[in-house]
Amino acid sequence: MKHLLRKIPSVDKALKKFTHNEDKKTREAVKKGLENLRKAIMDGRVTEISEELIKKFIDEALNRASLFQLRRVINATGVIIHTNLGRAPIGKEVAEHLKEIITGYSNLELNLETGKRGIRYQNVMELLKELTGAEDVCVVNNNAAAVLLVLSALAAGKEVIVSRGELIEIGGSFRIPDVMQQSGALLKEVGTTNKTHARDYESAISENTGLLLKVHTSNYKILGFTESVTSKELVKIGKRHGIPVYEDLGSGSLIDVRAFGLSYEPTVQDVVKSGVDIVSFSGDKLLGSAQAGIIVGKKDLIEKIKKHPLNRALRIDKMTLSVLEATLKLYKNEEYDKIPVWKMISESPDAIRKRAETLLNRIKNKLPDNFLVSISEERAEIGGGALPLETLPTFVVEISINGKSEEEFYELLRKEETPVIGRLKKGKLLLDMRTVKEHELEPLVQTILRASKKLI
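Residues numbered from 1 in each chain as written. Predicted model: local features only at pLDDT ≥ 70, side-chain atom pairs only at ≥ 80, totals over all residues. Heavy atoms only, no water.

Caption draft 1: Structural detail: helix α8 (residues 176-183). Taken as a whole, α8 has its buried residues at Ile176, Val179, Met180 and Ser183. Seen from one end, α8 has its buried residues packed into an arc of 100 degrees, which puts them on one side. Relative to its buried face, α8 has exposed residues pointing more than 90 degrees away, namely Gln181 and Gln182. (Buried < 20%, exposed > 50% of the residue type's maximum accessible area, 1.4 Å probe, protein only. Helix = DSSP H or I, 4+ residues; strand = E, 2+ residues; numbered from the N terminus. Arc of directions from axis to C-beta.)

Structure, rendered in structure tokens:
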């Protein structure tokens, strides 16, 4: 091993021999390339060194240095709303509208009818009111911001009553109690982890109660000996005492998921119809749009929320607005197949199998002989903290490698110019075709074949 390490040139010598540029960026890339070569030797992946191999490691590092840090990846995980991969992708029509808006000027805050300053989210307000049945709408940059704004505007210095079984934590250590503390509201827990009754809310109400809060546990389920208070029951309690009810719906769907063979998940329309005063939900989960925190509800309460100073700090920009409006128009026109999240959820297993067979046929005779490739049935997930107990039938292309590490091959796939993100299971790399689009097959094939040649 030592004799191989001694053959690695210095950064200065490598710069002169293999590049025509000695700027800082090139120097750092060459240094990284030589470090990668040294690591490959130490790991036993390199047993012989040549100038060609040294140049190959340097070229790879130079190419990687020129790439954007945030770039497109191929999602072969089978998780449709993948938080680490940007949650909901948008469709072609929505992307075209976004491009039109961001490559020029727009009437972001100009009323074209009057020629005077307008309301930033007027267009999405009207669409959301129509789609949800709510009286008024406010939109901020994510649902955590929506929770913070609602609590700050309606319950600062007052008690907010919530069930202990709904004091959730989601990704990034976002906790309802922490947000409540930041808003100035006073948390008042009722019930137990598994059981909360209507009488628990009733007995906790005082002169200082500002809100009754219901948090929909969209990212987990408590099963067995359980009981909770429904939205309708909470509304009745709120009306008796003159206290508004706020429901943080989390994922927030405008479509009844039972149409796709999934378990019931309350839609935004259902919750609004139940009489809940304020409802908030995410824009980039089951809605399938841009990151946003959408607040819908009673006009007088929404007005208070809009006038709060935090609303200005948390407002959305023209890019979010353009994506959100274009997505909502698809809902209005019932063009759900143009919303990628719903297209992936509703796709038939036969169509997914065909895509898996296409990939298999394209790579099986071009991979090294020690690669074993096959198709098997698996289960895909909705993801994004939505429908945690629900899975969908899918087909995966399984890759195992005799004498080599599947983890190492997966690392190579992740480091390609178009990274491929799959999942490892029982010593095999699985590429789930439910989340791979038709137009991604060709780059997926090329990435797999290219990475296989690097598995030294």
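Caption draft 2: The arrangement of the layout of surface pockets in detail. Computed from the structure, the largest pocket encloses a volume of approximately 880 Å³. Lining the largest pocket we find 25 residues, and of these Leu85, Gly86, Arg87, Ala88 and Pro89 sit closest to its centre. Taken together, the residues of the lining of the largest pocket break down into 11 nonpolar, 8 polar and 6 charged. (1 Å grid on protein atoms, 1.4 Å probe; cavity = no way out; pocket = protein on both sides within 12 Å on 5 of 7 lines; lining within 4 Å. Points joined across faces, edges and corners; volume = space filled by probe spheres on them. Nonpolar A, V, L, I, M, F, W, Y, C, P; charged D, E, K, R; others polar.)

Caption draft 3: Examining the sheet that holds strand β8 (residues 209-215) more closely. Across the sheet, 7 strands lie side by side as β3-β11-β10-β9-β8-β4-β7; this open sheet has mixed pairing. The sheet terminates laterally at β3 (136-140) and β7 (186-190), the two strands that pair on one side only. The average angle at which neighbouring strand axes cross in this sheet is 25 degrees, direction not considered. When strand β4 (residues 159-163) meets β7, the two strands line up parallel, connected through 5 bridges. Looking at β7, one finds that Ile161 is bridged to Lys188. (Pairing = 2+ DSSP bridges. Axes fitted to C-alpha atoms, helices over the stretch in contact; angles between N-to-C directions.)

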